[in-house]
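Now for the letters of each chain:
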Amino acid sequence: MRLLGVDFGGARIGLATYETEFGVGRALPYLAATGTLAKDAVAISEIARREDVVRVVIGLPLSQGEETKMSRVCRMLGDEVAGLGWDVAYVDEALTSQEAEAEMHRAGYKGSERRRRVDGEAALRILERFTIEGP
């Protein structure tokens, strides 16, 4: 099964794909957020179609296991994406950006490269969590 991971932010939307059969994923270039959930959902849907995924997994920013205002925004985005015909799931995204940043730092990426890639790498960690925790 091929998944699309979404790390939603106010300025950028991190994206990644993951092939569950092979346990292989890849970060995609980020999307610039438009400020309108419906428009962002259409852009995500177009990428999901192009990448031939079957499910969109959206990261939920939780605080001590509890949903936040941003969690509710992510769920609204998920509703928009689901309204376009996609199966949508959610997973806790706590610290995925920090994990991605630290791993890229250890790998020797320069600061500018880390900033450019961190959103997609965080989306990849969202997918990895989802496959470990299950739907």
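Note that the coordinates shown come from a computational prediction; the quantities given were computed from them, not determined experimentally.

Engineer: Help me understand helix α2 (residues 69–83) in this model?
Structural biologist: Given 3.6 residues per turn, any residue in an α-helix points the same way as the ones three and four places further on. Between its first and last C-alpha, α2 extends 21 Å over 15 residues, near the 21 Å set by a 1.5 Å rise per residue. Here α2 has its buried residues at Ser 71, Val 73, Cys 74, Leu 77, Gly 78 and Val 81. Along the axis of α2, the buried positions cluster into a sector of 160°, meaning they face one direction only. Residues of α2 that are exposed and point more than 90 degrees away from the buried face comprise Lys 69, Asp 79 and Gly 83. In this fold, the buried residues of α2 make contact with β1 (2–8), α1 (37–50), β4 (55–60), β5 (62–63), β6 (66–67) and β7 (87–92). Capping the start of α2, Thr 68 holds a side-chain oxygen 3.3 Å from the backbone nitrogen of Met 70, two or three residues further along. Looking one or two residues past α2, Gly 85 carries a phi angle of roughly 100°, positive in sign.

Engineer: Explain α1 to me, please; I cannot follow it from the model alone.
Structural biologist: Over its 14 residues, α1 runs 20 Å from end to end, which matches the ideal 20 Å to within 8%, given 1.5 Å per residue. Those residues of α1 that sit buried are Asp 40, Ala 41, Ile 44, Ser 45, Ile 47 and Ala 48. The buried residues of α1 occupy one face: seen down the axis, they fall within an arc of 165°. Seen from the buried face of α1, the exposed residues on the opposite side, beyond 90 degrees, are Lys 39, Arg 49 and Arg 50.

Engineer: Looking at this model, I keep getting lost on the confidence of the model for the protein. Mind explaining?
Structural biologist: In the predicted model, the protein carries a mean pLDDT of 89, and the fraction of residues at 70 or more is 91%. The weakest mean pLDDT in the protein belongs to helix α3 (residues 96–106) at 70; the strongest belongs to α1 at 98.

Engineer: Just to check I follow, could you spell out the pattern of salt bridges for this structure?
Structural biologist: Proximity of charged atoms lets side chains of opposite charge pair with each other. For the structure on display, the rule yields seven salt bridges. For Asp 119, the salt bridge is made with Arg 12, and the minimal N-O distance between the two is 2.5 Å. Taken as a pair, Asp 119 in helix α4 (residues 111–133) and Arg 12 in strand β2 (residues 12–19) lie far apart in primary sequence, 107 residues in all. We classify Asp 119 as buried; its relative accessible area is 7%. A salt bridge links Glu 67 to Arg 75, with the shortest nitrogen-to-oxygen separation between them at 2.8 Å. A relative accessible area of 31% means that Arg 75 is categorised as partly exposed.

Cut-off values and rules
- Residues numbered from 1 in each chain as written.
- Predicted model: local features only at pLDDT ≥ 70, side-chain atom pairs only at ≥ 80, totals over all residues.
- Heavy atoms only, no water.
- Helix = DSSP H or I, 4+ residues; strand = E, 2+ residues; numbered from the N terminus.
- Expected span 1.5 Å × (residues − 1).
- Buried < 20%, exposed > 50% of the residue type's maximum accessible area, 1.4 Å probe, protein only.
- Arc of directions from axis to C-beta.
- Contact = heavy atoms within 4.5 Å.
- Polar contact = N/O pair within 3.5 Å; in protein donor to acceptor, adjacent residues only side chain to side chain.
- pLDDT = per-residue confidence, 0-100.
- Salt bridge = Lys/Arg side-chain N within 4 Å of Asp/Glu carboxyl O.

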